Amino acid sequence: MDDLIENGGALVGKEKITEILNRRHKEREMHIQAVKLERQKDAESTEALQYFETAFDEKAKQIRNTLDSIASSDQKAQLFAESQNEIYDLQRYLSASTFFLNEYRIKVCQNSINELSKHLETLKNELLPKKKFGFKTKKIVKMINEKEESDKSEKKLADGGASSVDDHIKWTFSCRSNQFVELPPADVNDQTVTASRLKDCIIRITGHPGSLQFAQLVNCVVICGPTARSIFLDDCIDCKFVVACQQLRCHRSRGCDMYLTVTSRAIIEDCTGIRVAKYSYHYEGLEEDFHQSGLDLSSNNWSTVDDFNWLSTDKPSPNWELLPPADTIGDWNSYIERFQQQHNLTTVNN
């Protein structure tokens, strides 16, 4: 040890050893944290996938059983209508779950939905009296087909070549610009709301939706009442989100401000320039919507964000920060009015 001590008593050697030990300790902590985050990520993905597969298969089986029982039923028209609505619900459920499903699983599920729809139409043609219902049914089917073809044409023009996954997704609304979209409680309570490819838009949702999914938003403002389950954001740029939920996951986004009430920690991945503040929107009936959503207001982790791209334990992530008070919006009604005027928005109801 004497060899490590310089003249004058300076403990240079001891300081160097301490520095090496501290560095090794930090490296070990970083490795432990990395393993912990990876396990957490894998566990969440596995749990979500298992729940989805069970729920999807059970719902699809239920629809098949209903279709198989129609031939012997006296309420054929009613059962056909109910089955059609259930197929639409199953499609929405698939669309809301695409964030944690791989492309193969999406295709398999979409094929199941397509087969159910085809089976339903076949049974309709076989079992419903054509003279009484044929013209009306054909008219409805024609209107639906025309609308679907129109939507596909508009989507292709707006996309300029979308991914194969997007070809299998039916959004609540998409490909919009310069619109003020209002969704009232009757349309969203306990439902899944999805939207994609929006630019310079405001989406205001009152009520208590079941879950939200937004993808490819640019310079948009999303203001929503309490959401019972999860919110998924993907590929959003320069947006503002005012949301309350159990869990929020944000992927591949940048320059976004989030005003949050979240009972578990918000999660970001492949994001930059994320700023967070406390949920600050108020409207008549908000307290009742929180009650109906089941969110625990005593647990709000709005200021704590897990960044899956930042594993250091001794330095904060550079990808997110608390929103400075000077930049925080307090009066959302005034902000919405200014945004409307600035971007010349047209008000629509979905």
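Residues numbered from 1 in each chain as written. Predicted model: local features only at pLDDT ≥ 70, side-chain atom pairs only at ≥ 80, totals over all residues. Heavy atoms only, no water.

Per the secondary structure count, the chain includes seven helices and 15 strands. A buried classification covers 40% of the 350 residues belonging to the chain. Restricting to contacts in the chain with at least 6 residues of sequence separation, those with at least 24 account for 47%. (Helix = DSSP H or I, 4+ residues; strand = E, 2+ residues; numbered from the N terminus. Buried < 20%, exposed > 50% of the residue type's maximum accessible area, 1.4 Å probe, protein only. Contact = heavy atoms within 4.5 Å.)

A few words on helix 7 (residues 332-343). Look at helix 7: 16 Å from first C-alpha to last across twelve residues, which is about the 16 Å you get at 1.5 Å a residue. Regarding helix 7, the residues found buried are Trp332, Tyr335, Ile336, Phe339 and His343. When helix 7 is viewed along its axis, its buried side chains cluster within an angular range of 100° and face the same direction. Among the residues trailing helix 7, Asn344 stands out with phi positive, at a value near 50°. (Expected span 1.5 Å × (residues − 1). Arc of directions from axis to C-beta.)

Pairs of packed helices are described in terms of their axes, by the angle between the two and the distance that separates them. Look at helix 2 (residues 76-96) against helix 3 (residues 103-127): their axes get within 11 Å of each other, and the N-to-C directions meet at 165°. By the angle between their axes, helix 2 is roughly antiparallel relative to helix 3. The hand of the helix 2/helix 3 crossing is left-handed. On helix 3, the residues touching Lys76, Phe80, Ser83, Gln84, Ile87, Leu90, Gln91 and Leu94 of helix 2 are Ile106, Cys109, Gln110, Ile113, Leu116, Ser117, Leu120, Glu121, Leu123, Lys124 and Leu127. When the residues that make up the contact of helix 2 with helix 3 are grouped by side-chain class, the tally is eleven nonpolar, five polar and three charged. (Axes fitted to C-alpha atoms, helices over the stretch in contact; angles between N-to-C directions. Parallel < 35°, antiparallel > 145°, perpendicular 65-115°, else oblique. Left-handed = near helix turned anticlockwise from the far one by under 90°. Nonpolar A, V, L, I, M, F, W, Y, C, P; charged D, E, K, R; others polar.)

This part covers the sheet that holds strand 12 (residues 274-278). What the eight strands build is an open sheet, ordered 14-12-10-8-6-4-2-15; its pairing is parallel. Every other strand in the sheet has two partners, leaving strand 14 (320-322) and strand 15 (346-348) as the edge strands with one partner each. Averaged over all pairs of adjacent strands, the angle between their axes in this sheet comes to 20°, without regard to strand direction. The strands touched by helix 6 (residues 286-293) are strand 6 (221-226), strand 8 (240-245) and strand 10 (257-262); relative to strand 6, the strand with the most contacts, the crossing angle is about 70°. (Pairing = 2+ DSSP bridges.)

Mapping Pro325 onto the fold places it in the loop between strand 14 and helix 7. Along the primary structure Pro325 and Ala277 are separated by 48 residues, whereas in three dimensions their C-alpha atoms are 8.9 Å apart.

Not every positive phi belongs to a glycine, and Arg197 is a case in point at roughly 55°. Summarising the element assignment, Arg197 is placed in strand 3 (residues 192-199). Under the relative-accessibility criterion, Arg197 is labelled buried at 15%. You will see that Asp270, though not glycine, has its phi angle at about 60°, which is positive. In this structure, Asp270 sits in the loop between strand 11 (266-269) and strand 12. For Asp270, a relative accessible area of 47% gives the class partly exposed.

Turning to the sheet that holds strand 3, a few remarks are in order. The parallel open sheet is built from seven strands, whose spatial order is 1-3-5-7-9-11-13. Only two strands of the sheet have a single neighbouring strand rather than two, namely strand 1 (173-177) and strand 13 (305-307). Sheet twist, expressed as the average angle between the axes of neighbouring strands with direction ignored, equals 15°. One ladder, built from four bridges, connects strand 1 with strand 3; its direction is parallel. Across the sheet, the residue bridging to Arg176 is Leu198, located in strand 3.

Another aspect to go through is the pattern of salt bridges. Applying the stated criterion across every chain yields a total of eight salt bridges. Where Arg105 meets Glu53, a salt bridge forms, and the shortest distance between an N and an O atom there is 3.8 Å. In this pair, Arg105 is assigned in helix 3 and Glu53 in helix 1 (residues 12-69), connecting sequence segments 52 residues apart. Judged by relative accessible area, which is 17%, Arg105 ranks as buried. As a salt-bridge pair, Glu182 and Arg204 come within 2.6 Å of each other at their nearest N and O atoms. Placement of the pair is Glu182 in strand 2 (residues 179-183) and Arg204 in strand 4 (residues 202-205), with a sequence separation of 22 residues. With a relative accessible area of 17%, Arg204 lands in the buried category. A single salt-bridge network, built from bridges that share partners, covers Lys240, Asp257, Arg275 and Asp327. (Salt bridge = Lys/Arg side-chain N within 4 Å of Asp/Glu carboxyl O.)

Here the focus is the side chain of Lys124. Along the chain, Lys124 turns up in helix 3. The contact partners of Lys124, leaving out residues within four places of it in the chain, are Phe80 and Gln84.

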